[in-house]
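Given next are the chains, with one letter for each unit.
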Amino acid sequence: MSGGERKKIVVLGAGAFGTALAAVLARAGHDVVLQGRDEATLAAIAKTRRSAAYLGDIALPETLATAALFDNAEAAAHLVLLATPAQTIGAMAEALASRGAAFGEAPVILCAKGIDRGAGAPLSTVFSSALPDRAFGVLSGPSFATDLARGLPTAVSLAAPTLADARSYAAAFAGSSLRVYASDDVRGVELGGALKNVLAIGAGIVHGRGLGASAQAALVTRGLVEMRRLAVRLGARAETLNGLSGLGDLILTCASEQSRNFAYGAAVGRGASREGLKLAEGVATADIACALAAEHGLDVPIMATVSAVLDERLTVDAAIAALMERPLNTEQ
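What comes next concerns the included structure. Since we're looking at a predicted model, the values are computed, not measured.

### Quick notes on the pairing of strand β8 (residues 136-140)
Strand residues, when the strand is regular, have side chains that alternate between the two faces of the sheet.
Okay, so step 1: Counting buried positions along β8 gives five out of five residues, so the element sits mostly inside the fold.
Okay, so step 2: Across the two faces of β8 the burial is the same, with F136, V138 and S140 and G137 and L139 all buried.
Okay, so step 3: Where strand β5 (residues 108-110) and β8 come together, three bridges link them in parallel fashion. Counterpart to L110 in the pairing with β8 is V138.
Okay, so step 4: In terms of strand pairing, β8 meets strand β9 (residues 154-159) through three bridges, oriented antiparallel. From the neighbouring strand, V138 faces β9, where its bridge partner is A159.

### Re the pairing of β9
Okay, so step 1: Summarising burial for β9: five of the six residues are buried, a large majority.
Okay, so step 2: Handedness of the crossover joining β9 and strand β10 (residues 178-183) through helix α7 (residues 163-171) is recorded here as right-handed.

### What about the environment of R260?
Okay, so step 1: Along the polypeptide, R260 turns up in helix α12 (residues 260-270).
Okay, so step 2: Assessed through its relative accessible area of 36%, R260 is described here as partly exposed.
Okay, so step 3: Spatially, the C-alpha atom of R260 lies 9.1 Å from that of G282, the residues being 22 residues apart in sequence.
Okay, so step 4: Discounting chain neighbours no more than four positions away, the residues touching R260 are K278, L279 and A280.

### Quick look at unusual backbone geometry
Okay, so step 1: Positive phi, normally seen in glycine, also occurs at F103, with a value near 55°.
Okay, so step 2: With respect to the helices and strands, the residue F103 is situated in the loop between α4 (89-98) and β5.
Okay, so step 3: A positive phi angle, near 60°, is found at E312, a position not held by glycine.
Okay, so step 4: The topology assignment puts E312 in the loop between α14 (301-310) and α15 (316-324).

### So, the sheet that holds strand β4 (residues 79-82)
Okay, so step 1: The eight strands are arranged β3-β2-β1-β4-β5-β8-β9-β10 in an open sheet whose pairing can be described as mixed. Among the strands making up the open sheet, the edge pair consists of β3 (65-68) and β10. Geometrically, the sheet is characterised by an average inter-axis angle of 25° between neighbouring strands, direction not taken into account.
Okay, so step 2: In this fold helix α2 (residues 39-48) packs onto β2 (31-36) and β3, with an angle of close to 160° to the strand it touches most, β3.
Okay, so step 3: Strands in contact with helix α11 (residues 244-253) are β8, β9 and β10; relative to β9, the strand with the most contacts, it is inclined by about 145°.

Reading the values: rules and limits
Residues numbered from 1 in each chain as written. Predicted model: local features only at pLDDT ≥ 70, side-chain atom pairs only at ≥ 80, totals over all residues. Heavy atoms only, no water. Buried < 20%, exposed > 50% of the residue type's maximum accessible area, 1.4 Å probe, protein only. Helix = DSSP H or I, 4+ residues; strand = E, 2+ residues; numbered from the N terminus. Pairing = 2+ DSSP bridges. Right-handed = clockwise from strand over helix to strand, strands pointing away. Contact = heavy atoms within 4.5 Å. Axes fitted to C-alpha atoms, helices over the stretch in contact; angles between N-to-C directions.

What follows is the structure in structure tokens.
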């Protein structure tokens, strides 16, 4: 699979991010089919070239096709993007496995950011358990769906077990608005995207509580240290966490209520009701991240505090006090 060739690409998941990626790929000249479960959303996209529920009034390419989930799965494709929420990846992988050579056994790019709550494992591990022989990659990095859909300049990382495969998959995304960097550090790219969600909730809590920019900067900086330590202990390379899928994504999601995780945290910080808030993957990831850290003997005070607030084991004020009263230490 090389750049410049017109390819057939299937995007599974017609939410904000899946639709935005489908738009980017369609604009790059590929034959793209966006598949989802919500018939009304798909019908609206086909008729109006808009996904009002997820992307507002942003115009989508005329060439972007839509279909029901797994429609025409017996036909071959060059690439499949799996863009459903993180906690559905296991079920989606099993659904693909049940269809045998679904989409011609095209490589599958995992686009969700999270850790599987049931298995307590990274998404690539869960995917490969269901489809051990299927080629795959992981896409992650600082990329709001609305920015992608509007065609604003964006850069992300795409990792695969081999660098040659990562470069091949990345070439399909080549276009004027999206730059994709190849990597063979699958664990680093996927854990950066997952763990930063927990810290984004923490940054949102700080913002919502009105604790100031200095406190937010401290949380993000020390949070990056925790994120990097845990990811490295789980098999990642430290330099990956300093790149787009780690530090880059952390900067983006810890600075704007356009991030669902930051917005969720901000609501918690303000003392608002959590009912009706949009799905925030960091809520599901917080406990798992802390459990993995404990299993490997790592101290992750910021993530642990976020987890305790989300589980209502600590109030926001008690959490702030707990962090500020920790024993003094050197910066590492």
